[in-house]
Amino acid sequence: MTNKTVYDVIDMGVNYLVSVYDKWGVEEVLDNKSDVFPNTLHWQYGHVLTIFESALSLSEQNQVDVALYSSLFGYGTSPADWDNSNVPSIDEIIKNIKNLPERAKNLTDVQLEQKLTETIAGCNSLDELLTLNAIHIPLHAGKIEEMTRVLKSER
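Now for a quick tour of the structure.

How each quantity is defined
Residues numbered from 1 in each chain as written. Predicted model: local features only at pLDDT ≥ 70, side-chain atom pairs only at ≥ 80, totals over all residues. Heavy atoms only, no water. Helix = DSSP H or I, 4+ residues; strand = E, 2+ residues; numbered from the N terminus. Rg over C-alpha atoms; globule rule 2.2 N^0.38 Å. Buried < 20%, exposed > 50% of the residue type's maximum accessible area, 1.4 Å probe, protein only. Contact = heavy atoms within 4.5 Å. Areas by Shrake-Rupley, 256 points an atom, 1.4 Å probe, with all protein chains shown as cover. Axes fitted to C-alpha atoms, helices over the stretch in contact; angles between N-to-C directions. Parallel < 35°, antiparallel > 145°, perpendicular 65-115°, else oblique. Left-handed = near helix turned anticlockwise from the far one by under 90°. Nonpolar A, V, L, I, M, F, W, Y, C, P; charged D, E, K, R; others polar. Pairing = 2+ DSSP bridges. Salt bridge = Lys/Arg side-chain N within 4 Å of Asp/Glu carboxyl O.

Each helix and strand in the protein chain was counted, giving seven helices and two strands. Beginning at the N terminus, the succession of helices and strands in the protein chain can be written as α-α-α-α-α-α-β-β-α. Against the compact-globule benchmark of 15 Å for 155 residues, the protein chain has a radius of gyration of 16 Å, which places it among compact chains. Based on the C-alpha atoms only, the size of the protein chain along its principal axes is roughly 50 × 40 × 25 Å. Expressed as a percentage of its 155 residues, the buried residues of the protein chain come to 47%. Sequence separation of at least 24 residues holds for 69% of the intrachain contacts in the protein chain that already meet a minimum separation of 6. Roughly 8400 Å² of accessible area belongs to the protein chain as shown, and the carbon and sulfur atoms make up 50% of that amount.

Structure follows, in structure tokens:
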């Protein structure tokens, strides 16, 4: 049996998510829309980054403008509402996703133990949000694979 830490799981999830971009040819259908899905692949990648950055922002460790990203990639948002001049490129998003594991590892115990002002998705501390993000990343990686297959078949 292996004894993986949440950091290992985040690292594995991020590496897989990034590899899927090239492996599945996501770029070919990155901003394609479909009646089957409420958003695009571009949105999916941005959403993963936004949720993780939102957690990091609780300890002022975010590297992106969380308000901007949340307005584009947060829950309930849609690419149909984007003003394309403000949308970060997929290259920028992936660059920031790639450094998430290292940034998570650099959080101090004090930061991780920080209690949230309100419960977020059942989590009461930054440590718990990090664990939730470790689960959130592969969920969206699977969604990205599914969407890529469907979008390519619709062409």
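Once that is clear, we can look at unusual backbone geometry. Positioned with a positive phi, Glu60 is a non-glycine residue whose angle comes to about 55°. If you check the backbone angles, Ala121 has positive phi at about 50° while not being a glycine. Mapped onto the fold, Ala121 is located in the loop between β1 (115–120) and β2 (123–125). On the accessibility criterion, Ala121 (64% relative accessible area) is exposed.

To continue, consider the packing of helix α2 (residues 41–57) against helix α3 (residues 66–73). Two elements in contact, α2 and α3, have axes separated by 9 Å at closest approach and are oriented at 140°. Taken together, the axes of α2 and α3 are oblique relative to one another. Crossing handedness for the pair α2 and α3: left-handed. Contact residues: α2 offers His42, Trp43, Gly46, His47, Leu49, Thr50, Glu53, Ser54 and Ser57, while α3 offers Val66, Tyr69, Ser70, Leu72 and Phe73. Taken together, the residues that form the contact of α2 with α3 break down as six nonpolar, seven polar and one charged.

Where helix α1 (residues 6–23) meets helix α4 (residues 90–98), the closest approach of the two axes is 10 Å, and the angle between their N-to-C directions is 155°. Between α1 and α4, the angle falls in the class roughly antiparallel. α4 is crossed by α1, and the crossing has left-handed handedness. For the pair formed by α1 and α4, the contact residues are Val14, Leu17, Val18 and Tyr21 on the first element and Ile90, Ile94, Ile97 and Lys98 on the second. When the residues that make up the contact of α1 with α4 are grouped by side-chain class, the tally is seven nonpolar, no polar and one charged.

Moving on, we get to the pairing of β1. Pairing geometry for β1 and β2, over two bridges, is antiparallel. For Lys115, the partnering residue across the bridge sits in β2 and is Ser125. Counting the residues that bridge the hairpin from β1 to β2 gives two residues, and of these Ala121 lies at a positive phi of roughly 50°.

Before going further, it helps to spend a moment on the pattern of salt bridges. For the structure on display, the rule yields five salt bridges. Across the salt bridge formed by Glu28 and Lys152, the nearest N and O atoms sit 3.8 Å from each other. Residue Glu28 is found in the loop between α1 and α2, and its partner Lys152 is found in helix α7 (residues 126–154); the two are separated by 124 residues along the sequence. In this structure Glu28 comes out as partly exposed when scored by relative accessible area, which is 46%. The exposure class assigned to Lys152 is partly exposed, which follows from its relative accessible area of 26%. The partner of Arg149 in a salt bridge is Glu145, with the nearest N and O atoms 3.9 Å apart. Of this pair, Arg149 and Glu145 both sit in helix α7, four residues apart, which is roughly one turn of the helix. With relative accessibility at 48%, the residue Arg149 sits in the partly exposed group. If you follow the salt bridges from partner to partner, you end up with Glu28, Lys152 and Arg155 in one network.

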